[in-house]
Amino acid sequence: DVSIREALRDAPAGAILTFAPGLSGQTFTLNDTLGSLVVTKDVGLDASSLQPGGFTLRRTGTNRLLVVNAGVGLSLNHLTLSGPGESTPASGGGGGIQSTGRLSLNRCRVTSHSALGNGGGIPSSGLPSLRQTTLSQNTAATGSGGALHVLSGLARLDACTLSGNKAADGGGGLFVLK
């Protein structure tokens, strides 16, 4: 029994972190005073065993939920990443996840995030890979890519849904910069 923050800090590189069965249908709200959850080594968060209730990571303040550092990877499986909507944008890009590393989302939802920059839901300078993932109701308040802003010119989206996203500077759902 450890917090998500402790598990990310203490897990060995390459670990897949799973959730206790009693957490099915639960929401973890990020304590804004402690800052974002920072990924500094290859790791995965897998909530697939918690179906049908799933697991939600939620932010209420101006910090983004997750930061993926350069040179490392984060894989998310069966998670919902929820934000407070347009009323509380994260500073800079990425209300949900800010990634300069490798990012993989499988059967996830990224919803109701807002950022005062590019990528209301996710800005990525790596090669993001999204499979059966929904990005909805995300906003890039002053930038582009309401749901997803890709700096590398490459992204892989397989059977994904982008709905109700908006951006001040183009690419309400998706903006890819070559």
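Let me sum up the structure you'll find in this document. (Residues numbered from 1 in each chain as written. Predicted model: local features only at pLDDT ≥ 70, side-chain atom pairs only at ≥ 80, totals over all residues. Heavy atoms only, no water.)

1. Some details on a nonpolar patch on the surface
The cut-off we apply is this: Like-charged residues within 9 Å of one another, or nonpolar side chains (Val, Leu, Ile, Met, Phe, Trp, Tyr) within 5 Å, are grouped into patches, provided each residue has over 30% relative accessible area and no salt bridge. With residues, only the protein chains shown are counted as cover, and all accessible areas are computed by Shrake-Rupley using a 1.4 Å probe. Salt bridge criterion: a side-chain nitrogen from Lys or Arg within 4 Å of a carboxyl oxygen from Asp or Glu. Here a strand is any run of E in DSSP of at least two residues, a helix any run of H or I of at least four, and the numbering for each starts at the N terminus. The classification of residues rests on relative accessible area computed with a 1.4 Å probe and restricted to protein chains. Under 20% of the type maximum is buried, over 50% is exposed, and intermediate values are partly exposed.
Taken together, the side chains of Leu157, Leu162, Leu174 and Val176 present a nonpolar region at the surface, about 260 Å² in accessible area. Structurally, leucine 157 can be placed in strand β18 (residues 156–158). You can call leucine 157 partly exposed: its relative accessible area is 31%.

2. Some details on the sheet that holds strand β15 (residues 134–136)
Here is the rule: A pair of strands is labelled paired if DSSP reports no fewer than 2 bridges between them. Under this scheme, a helix contributes an axis fitted over its contacting stretch, all axes are lines through C-alpha atoms, and angles between N-to-C directions fall in the 0 to 180 degree range.
If you walk across this open sheet you meet the 6 strands as β2-β5-β8-β11-β15-β19, and the pairing is parallel. Of all the strands in the sheet, just β2 (26–29) and β19 (161–163) have a single pairing partner and so form its edges. Ignoring strand direction, the axes of neighbouring strands in this sheet form an average angle of 15 degrees. Two strands pair when backbone bridges link them, and β2 and strand β5 (residues 55–58) are joined in this way by 4 bridges, in the parallel orientation. Across the sheet, the residue bridging to phenylalanine 28 is leucine 57, located in β5.

3. Some words on the pairing of strand β8 (residues 79–82)
By the alternation rule, side chains of β8 split into Leu79 and Leu81 and Thr80 and Ser82, which are all buried. Both β5 and β8 contribute to a ladder of 4 bridges, which runs parallel. The residue bridging phenylalanine 55 from the neighbouring strand is leucine 79, located in β8. Across 3 bridges, the pairing between β8 and strand β11 (residues 109–111) is parallel. When the sheet's bridge partners are listed, serine 82 is paired in β11 with threonine 111.

4. With respect to the pattern of salt bridges
In this structure the tally under the stated criterion is 3 salt bridges. A salt bridge links arginine 9 to aspartate 10; the nearest nitrogen and oxygen atoms lie 2.7 Å apart. Side by side, arginine 9 and aspartate 10 carry an identical accessibility label, which is exposed. Taking the shortest distance from any N to any O, the salt bridge between glutamate 86 and lysine 166 comes out at 2.9 Å. Here glutamate 86 is found in the loop between β8 and β9 (97–99), whereas its partner lysine 166 is found in strand β20 (residues 166–167), with 80 residues between them in sequence. Since its relative accessible area comes to 48%, glutamate 86 is described here as partly exposed. For lysine 166, a relative accessible area of 42% puts it in the partly exposed group.

5. Comments concerning the state of the cysteines
Convention followed: Pairs of cysteine sulfur atoms within 2.5 Å are identified as disulfides in what follows.
Across all of its chains, the model carries 0 disulfides by this definition. The structure places no disulfide on cysteine 108, whose sulfur is separated from the nearest cysteine sulfur, that of cysteine 160, by 9.8 Å. Under the relative-accessibility criterion, cysteine 108 is labelled buried at 2%. Overall, cysteine 160 belongs to the partly exposed group, its relative accessible area being 22%.

6. Describing the side chain of asparagine 106
To be explicit about the condition: Any N or O atom pair separated by 3.5 Å or less is treated as a polar contact, with the protein-specific requirement of one donor-capable and one acceptor-capable atom, and with residues adjacent in sequence counted only for side-chain atom pairs. When checking whether two residues touch, look at their non-hydrogen atoms; a contact exists if any pair is within 4.5 Å.
By the element assignment, asparagine 106 lies in strand β10 (residues 102–106). A polar contact is formed between the side chain of asparagine 106 and the side chain of arginine 131, at a distance of 2.6 Å. Not counting residues up to four positions away in its chain, the partners in contact with asparagine 106 are Leu76, Asn77, His78, Arg131 and Thr133.

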